[in-house]
Amino acid sequence: MASFFNIAEVPSVLQYPQSVLSDPVHRAEFESGALLSRTRSTAVPRTRELFYASISESSKQAIEAWEEDDVGYGGQAFNWTDPNPLDRVTYTAKLLGPVAYNLHPQDPTRWQARLKLALITESSSSSSLSSSSESSSSSSFSSSSSST
């Protein structure tokens, strides 16, 4: 199984939405106005969105190579450690679509990248963090991230 890419830049702490992949409740409204709702019996994957506010051309190329060669644009799962210091759990994840790149608005030599992940399962090794995952710059938030 592939690992998450490793670049020098870190995702923006200011833009880190979390949600579920789909609504886990079936809802129906009767003609009388009464509502019926029940929870689905299947698991609903959670999602995370990562935004890199300013990455170099070489980091962009590393992400593109990872996206194409390692995870097949979302066809293959990979191991990912949540960069949130309150979570720090390792998941098996998949890309929910291609990575979106934009030129940085103030510096056209740099890029912005946005990717959305579906968290498939919590990895069995997530309960014990290794020192390498804690020191990995790709899985850490920076309080000094730019938010442009």
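Overview of the structure.

Parameters at a glance
- Residues numbered from 1 in each chain as written.
- Predicted model: local features only at pLDDT ≥ 70, side-chain atom pairs only at ≥ 80, totals over all residues.
- Heavy atoms only, no water.
- Helix = DSSP H or I, 4+ residues; strand = E, 2+ residues; numbered from the N terminus.
- Buried < 20%, exposed > 50% of the residue type's maximum accessible area, 1.4 Å probe, protein only.
- Salt bridge = Lys/Arg side-chain N within 4 Å of Asp/Glu carboxyl O.
- Phe/Tyr/Trp six-rings, centres within 6.5 Å; stacked < 30°, edge-to-face > 60°.
- Lys NZ or Arg CZ within 6 Å of the ring centre and 35° of its normal.
- Polar contact = N/O pair within 3.5 Å; in protein donor to acceptor, adjacent residues only side chain to side chain.
- Core = buried A, V, L, I, M, F, W, Y, C linked by side-chain atoms within 4.5 Å.
- Contact = heavy atoms within 4.5 Å.
- Expected span 1.5 Å × (residues − 1).
- Arc of directions from axis to C-beta.
- Pairing = 2+ DSSP bridges.

### Here's the deal with unusual backbone geometry
So, point 1. Residues other than glycine seldom take positive phi values, yet Tyr73 does so here, at roughly 60 degrees.
So, point 2. Along the chain, Tyr73 turns up in the loop between helix H1 (57-70) and strand E6 (78-81).
So, point 3. Relative accessible area serves as the criterion here: at 45%, Tyr73 is assigned to the partly exposed category.

### Here we look at the pattern of salt bridges
Pairs can form between side chains of opposite charge once their charged atoms are near each other.
So, point 1. Applying the stated criterion to the full structure yields 4 salt bridges.
So, point 2. The closest approach of N and O atoms between Arg110 and Glu9, which form a salt bridge, is 3.3 Å. Of this pair, Arg110 sits in the loop between strand E8 (100-103) and strand E9 (111-122) while Glu9 sits in the loop between strand E1 (2-3) and strand E2 (18-20), and the two are 101 residues apart along the sequence.
So, point 3. Taking the relative accessible area as the measure of exposure, Glu9 reaches 13% and is therefore buried.
So, point 4. Ionic pairing is found between Glu64 and Lys60, a salt bridge with its closest N-O pair at 2.7 Å. In this pair, Glu64 and Lys60 are both assigned in helix H1, 4 residues apart and thus about one turn of the helix distant.

### Points about the packing of aromatic side chains
So, point 1. Counting across every chain of the model gives 8 aromatic pairs.
So, point 2. In textbook terms, an aromatic cluster arises when at least three aromatic residues are bridged by ring pairs, as seen for Phe4, Phe5, Tyr52, Trp66, Phe78, Trp80 and Tyr91.
So, point 3. For the cation-ring pair, Lys60 lies above Tyr101, with the distance from its terminal atom to the ring centre recorded as 5.0 Å.
So, point 4. Here the basic side chain of Lys60 rests over the ring of Trp111, its NZ or CZ set 4.4 Å away from the ring centre.

### Overview of the environment of Arg38
So, point 1. Tracing the sequence through the fold places Arg38 in strand E4 (residues 35-39).
So, point 2. Distance in space between the C-alpha atoms of Arg38 and Ala28 is 9.3 Å, their sequence separation being 10 residues.

### Looking at the side chain of Thr81
So, point 1. Looking at where Thr81 falls in the secondary structure, it is placed in strand E6.
So, point 2. In this structure Thr81 comes out as buried when scored by relative accessible area, which is 11%.
So, point 3. A polar contact of 2.9 Å, which involves the side chain of Thr81, links it to the side chain of Thr90.

### What to know about the nonpolar core
So, point 1. Phe4, Tyr52, Phe78, Trp80 and Leu115 are the most contacted members of the largest nonpolar core, which totals 24 residues.
So, point 2. Per element, the largest residue contribution to this core is 5 residues, and it comes from E9.
So, point 3. Look past the residues within four positions of Phe78 in its chain and what remains in contact with it is Met1, Ala2, Ser3, Phe4, Trp66, Val71, Tyr91, Thr92, Ala93, Lys94, Leu95 and Leu117.

### A look at H1
So, point 1. For H1, built from 14 residues, the straight-helix expectation of 20 Å at 1.5 Å per residue is met to within 8% by its first-to-last C-alpha distance of 19 Å.
So, point 2. What H1 keeps buried is the set Ser59, Lys60, Ile63, Trp66 and Glu67. Take H1 and look down its axis: the buried residues cluster within an arc of 125 degrees, on one side only. In H1, the exposed residues that point more than 90 degrees away from the buried face are Ser58 and Asp69.
So, point 3. One or two steps after H1, the chain reaches Gly72, where phi turns positive at roughly 55 degrees.

### Re the pairing of strand E7 (residues 90-95)
So, point 1. Along E7, 5 of the 6 residues are buried, which leaves the element largely enclosed by surrounding structure.
So, point 2. Strand direction decides the pairing type here: E6 and E7, joined by 4 bridges, are antiparallel. When the sheet's bridge partners are listed, Phe78 is paired in E7 with Ala93.
So, point 3. The pairing of E7 with E9 spans 5 bridges and is classified as antiparallel. Counted as the bridge partner of Leu95 is Leu117 from E9.

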